[in-house]
Amino acid sequence: MDRKQALYVATFAGVIASCLVYVLPAFSPTRVFWYYPLEHRWAFELKPSALAMDWYGRTLLAVVASFFSFAFTFVISRRLKPLASSRGFHLWVGWAASALLIALSLYAYQLLNRNPVPEPLPAGYVPK
Amino acid sequence: MVFWEFGTTSQIFFEQYAKLLVLLHAASAIVLVGSSTHHSLVALGYLRGRYKVRLGRIYAAVVAVAYGTTFLLGSLAYPTYRYRVRGLYLDRHAVWASNLFDIKENFATIGLPLAIGAFCLSRVMDPKEDRPMLPGYCLLVFAMTAIVWFNVIAGLLITLAKGV
């Protein structure tokens with residue numbers, strides 16, 4: 001494949017990997033980095049022990065997966081025959097659209113009717 | 001409106017700059033929503049046989065930079081939001097806004113490779129010669145623009161409920 005086609009294929013491989021890896025922690029227990037904003041510390045774990053944010057960890061996971069998927073696919077694609085017809089290009093579009101739809105709809109579905117537990121009000125909190 | 005008076009809780013990372021960060025985040029988002037919308041219109045033009053390639057490349061580059069900037073500024077303000085806004089207020093008084101924010105943040109991460117991918121493809125693709133690549137390019141551009149618009153509107157609604 002020429003550089004242009006390999007870049008095209010690698011781009012979509014990166015998008016697909018990013019989407020699928022990003023949703024992985026949502027349905028399969030996965031260790032990620034959690035940031036504890038009140039304790040100013042990071043932890044690589046399955047579940048937090050206090051108020052913590054896993055968004056940074058999940059984002060890092062997705063970015064790393066996307067990068068390696070892109071790089072691997074680009075290198076391999078350069079050694080393959082060119083895509084013979086537009087069907088090959090459209091297949092990648094279909095797969096990427098499916099991965100996007102899965103990722104977006106999964107998070108929307110899981111979060112739409114969530115009932116979060118509020119943090120306890122700290123000492124000194126004065127409503128006005 | 002409920003205001004918070006700082007008591008004995010610990011300072012959160014970048015908390016003293018939170019309002020400024022959110023303001024810059026909003027300003028960057030304005031650039032992002034404008035450039036992504038224009039980029040979508042150019043991509044639509046490609047499908048219709050109107051090739052404004054140079055303009056398309058400029059918009060792709062602006063979108064990539066604006067997306068990254070908006071993303072970064074939001075991530076720096078996030079710890080303050082997570083406790084002061086969501087933890088203490090939204091989870092108690094406006095659960096819909098709390099959930100909407102989390103949907104917004106996840107959509108933003110999902111949209112990041114789309115912005116980068118569209119930029120990469122814009123540098124090498126000739127929409128007139130590389131017609132088979134056009135549907136893929138348009139998917140990246142249109143999906144990313146839809147995510148950006150959703151996030152801008154969601155962000156405004158959430159801030160109307162409670163900001164940092």
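In what follows, the structure referred to is the one given above.
No experiment lies behind these values; they were computed from the predicted model shown.

Caption draft 1: Spotlight on the overall build of chain B. When helices and strands are counted, chain B shows four helices and zero strands. Reading the helices (α) and strands (β) of chain B from amino to carboxyl end gives α-α-α-α. Judged by the C-alpha coordinates and their principal axes, chain B covers about 65 × 25 × 20 Å. Taking as baseline every contact in chain B between residues at least 6 positions apart, the subset at least 24 positions apart corresponds to 80%. In the form shown here, chain B has an accessible surface area of approximately 7,300 Å², with 70% of it arising from carbon and sulfur atoms. Averaging the locations of the 15 positively and 8 negatively charged side chains of chain B gives two centres separated by 7 Å.

Caption draft 2: Broad picture of the pattern of salt bridges. Scanning all chains against the criterion turns up eight salt bridges over all chains. Linking Lys4(A) and Asp130(B) is a salt bridge whose minimum nitrogen-to-oxygen distance equals 2.9 Å. With Lys4(A) in helix 1 (residues 3-27) and Asp130(B) in the loop between helix 3 (95-124) and helix 4 (134-161), the pair connects residues from two separate chains. Put simply, Asp102(B) and Arg114(A) hold a salt bridge, and the shortest N to O gap is 2.7 Å. Here Asp102(B), found in helix 3, pairs with Arg114(A), found in the segment after helix 3 (86-112), and the two come from separate chains. Taking the relative accessible area as the measure of exposure, Asp102(B) reaches 6% and is therefore buried. Because the salt bridges share partners, they merge into one network encompassing Arg114(A), Arg86(B), Asp91(B) and Asp102(B).

Caption draft 3: Region of interest: the interface of chain B and chain A. Contacts between chain B and chain A engage 51 residues on the former and 52 residues on the latter. Regarding the contact of chain B and chain A, the summed buried area is about 4,500 Å², with carbon and sulfur atoms giving 71% of it. The interface formed by chain B and chain A contains 15 residue pairs in polar contact (both at pLDDT 80 or more). Taken together, the elements giving at least two residues each to the side of chain B that touches chain A come down to helix 2 (53-93), helix 3 and helix 4 of chain B. Looking at the side of chain B that touches chain A, the element that brings in the most residues is helix 3 of chain B, giving 17 residues. In the side of chain B that touches chain A, the residues fall into 30 nonpolar, 13 polar and eight charged.

Caption draft 4: Region of the structure containing the nonpolar core. Tyr8(A), Phe12(A), Tyr67(B), Leu90(B), Ile110(B), Leu114(B) and Tyr137(B) are the most contacted members of the largest nonpolar core, which totals 68 residues. Put simply, the parts of the chain that give this core at least two residues each are helix 1, helix 2 (55-78) and helix 3 of chain A together with helix 1 (18-47), helix 2, helix 3 and helix 4 of chain B. Excluding residues within four positions of it along the chain, Phe12(A) makes contact with Trp92(A), Val93(A), Ala96(A), Leu121(B), Gly136(B), Tyr137(B), Leu139(B) and Leu140(B). In this structure, Val32(A), Trp34(A), Tyr36(A) and Ala52(A) belong to the second largest nonpolar core, which totals five residues.

Rules of the game
Residues numbered from 1 in each chain as written. Chains lettered and ligands numbered in written order. Predicted model: local features only at pLDDT ≥ 70, side-chain atom pairs only at ≥ 80, totals over all residues. Heavy atoms only, no water. Helix = DSSP H or I, 4+ residues; strand = E, 2+ residues; numbered from the N terminus. Contact = heavy atoms within 4.5 Å. Areas by Shrake-Rupley, 256 points an atom, 1.4 Å probe, with all protein chains shown as cover. Lys, Arg positive; Asp, Glu negative; His and termini not counted. Charge placed at Lys NZ, Arg CZ, Asp CG, Glu CD. Salt bridge = Lys/Arg side-chain N within 4 Å of Asp/Glu carboxyl O. Buried < 20%, exposed > 50% of the residue type's maximum accessible area, 1.4 Å probe, protein only. Buried area = accessible area lost by both parts, 1.4 Å probe. Polar contact = N/O pair within 3.5 Å; in protein donor to acceptor, adjacent residues only side chain to side chain. Nonpolar A, V, L, I, M, F, W, Y, C, P; charged D, E, K, R; others polar. Core = buried A, V, L, I, M, F, W, Y, C linked by side-chain atoms within 4.5 Å.

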